[in-house]
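# Reading the structure
Residues per chain are reported as follows:
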Amino acid sequence: MKAIGAYLGVVWQILRKDIQVEWRGRQGLPVMLMFALMIVFLFNFALQLAPDVQAGLTSGLLWVSLAFASTLGLNRSISLERENNALDGLLLAPVDRSAIFFGKTLGNFCFTTLVGLLLLPVFSLFYGQNLLRAPLLLVILLGLAAYTSLGTLLSALSIQARTRDVLLPVLLYPLALPILIAAVEASRGVLAEQPLSEMSSWIYLLLAGVLIFNAAGLLFFETILED
């Protein structure tokens, strides 16, 4: 039990450090939110469609906004660890490397989820659908948990590259495509008020993504950092 408590303590310290850095700098979250809002506004005015057709695009546009905003946050997370050799300091600490992965993943997940929660009322206003629904919130949480865990793992892989800002999206978007498709389809089902049984396969896919990508981080994060 002491070992588990110490492990969770390290995860919490990494998460708290990222929250404190963001609170003091306020450079990551506002940029993510403004970028996501810009996508919402541009698509709303560019797609001059009938209201029923435009409402059908809501789930896709929501996840486009969340994916792009999350990628900005992941790139910001990488740059923070590059500044002042912060990553070297983390690696010198006598802690399990997987705890660093879960701490960073939780930080990225929290920031992106906050952006998503702030976007829901905006989407409801512009696209004429009530997005403030508990099933949709569940889909968003599962989808972002899978997306940010994969993104954190790939950001560690690209952290030493000079072109990391370009390399991360190139690696992330193709691998995250099944997760994004499942999230879009599950969100569309929620907005169409389909029964949960009809969306179960998409939800199971999101849950599988969460488990697989976090397991990959647990197994391979240390190897990635050492390389």
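The paragraphs below set out a description of the structure included in this document.

Assigned secondary structure in the protein chain consists of nine helices and zero strands. Taken from N to C terminus, the helices and strands of the protein chain fall in the order α-α-α-α-α-α-α-α-α. The buried share of the protein chain, taken over its 227 residues, is 47%. Just so you have it, the protein chain exposes about 11,700 Å², and 70% of that area is on carbon and sulfur atoms.

Once that is clear, we can look at the pattern of salt bridges. Inspection of the entire model under this criterion finds three salt bridges. A salt bridge links Asp18 to Lys104; the shortest N-O distance between them is 3.2 Å. Here the residue Asp18 occupies a position in helix α1 (residues 2–25), and Lys104 occupies one in helix α6 (residues 97–127), the gap between them amounting to 86 residues. We note that Asp18, like Lys104, is buried. Glu185 is the partner of Arg188 in a salt bridge, and the nearest nitrogen-oxygen pair spans 2.9 Å. Of this pair, Arg188 and Glu185 are both found in helix α8 (residues 164–191), three residues apart, which corresponds to roughly one turn of the helix.

A word on the environment of Leu15. Turning to its location among the elements, Leu15 is positioned in helix α1. Through-space distance from the C-alpha of Leu15 to that of Phe102 is 8.5 Å; in sequence the pair is 87 residues apart. With sequence-adjacent residues up to four places away left out, Leu15 is seen in contact with Gly103, Leu106, Gly107 and Cys110.

This part takes up unusual backbone geometry. Of note in the backbone geometry, Glu193 takes a positive phi value of approximately 60° without being a glycine. Relative to the helices and strands, Glu193 resides in the loop between α8 and α9 (196–226). Since its relative accessible area comes to 63%, Glu193 is described here as exposed.

It is worth spelling out the nonpolar core at this point. By size, the foremost hydrophobic cluster in this structure holds 48 residues, and its most contacted members are Leu62, Trp63, Leu119, Phe123, Ile140 and Leu172. Of all the secondary structure elements, the ones that give two or more residues to this core are α2 (29–46), α4 (58–82), α6, α7 (134–158), α8 and α9. Tallying contributions element by element places α8 first for this core, with eleven residues. Setting aside residues up to four positions removed in sequence, Ile140 forms contacts with Leu62, Trp63, Leu66 and Leu120. By size, the runner-up hydrophobic cluster in this structure holds 13 residues, among which are Val10, Ile14, Ile100 and Leu225.

Together, Phe43, Val64 and Phe68 make up an exposed nonpolar region whose accessible area comes to about 210 Å². Assignment of secondary structure puts Phe68 in helix α4. Taking the relative accessible area as the measure of exposure, Phe68 reaches 35% and is therefore partly exposed.

Looking now at the packing of α6 against α7. At a minimum axis distance of 9 Å, the contact between α6 and α7 shows a crossing angle of 140°. As judged from the angle between their axes, α6 and α7 are oblique. Judged by the twist between their axes, the crossing of α6 over α7 is right-handed. Within the contact between the two elements, α6 uses Phe101, Lys104, Thr105, Asn108, Phe109, Thr112, Thr113, Leu117 and Leu120 and α7 uses Leu136, Leu137, Ile140, Leu141, Leu144, Ala145, Thr148, Ser149, Thr152 and Leu153.

Parameters and conventions
- Residues numbered from 1 in each chain as written.
- Predicted model: local features only at pLDDT ≥ 70, side-chain atom pairs only at ≥ 80, totals over all residues.
- Heavy atoms only, no water.
- Helix = DSSP H or I, 4+ residues; strand = E, 2+ residues; numbered from the N terminus.
- Buried < 20%, exposed > 50% of the residue type's maximum accessible area, 1.4 Å probe, protein only.
- Areas by Shrake-Rupley, 256 points an atom, 1.4 Å probe, with all protein chains shown as cover.
- Salt bridge = Lys/Arg side-chain N within 4 Å of Asp/Glu carboxyl O.
- Contact = heavy atoms within 4.5 Å.
- Core = buried A, V, L, I, M, F, W, Y, C linked by side-chain atoms within 4.5 Å.
- Patch = residues over 30% accessible without salt bridge, like charges linked within 9 Å, V, L, I, M, F, W, Y side chains within 5 Å.
- Axes fitted to C-alpha atoms, helices over the stretch in contact; angles between N-to-C directions.
- Parallel < 35°, antiparallel > 145°, perpendicular 65-115°, else oblique.
- Left-handed = near helix turned anticlockwise from the far one by under 90°.

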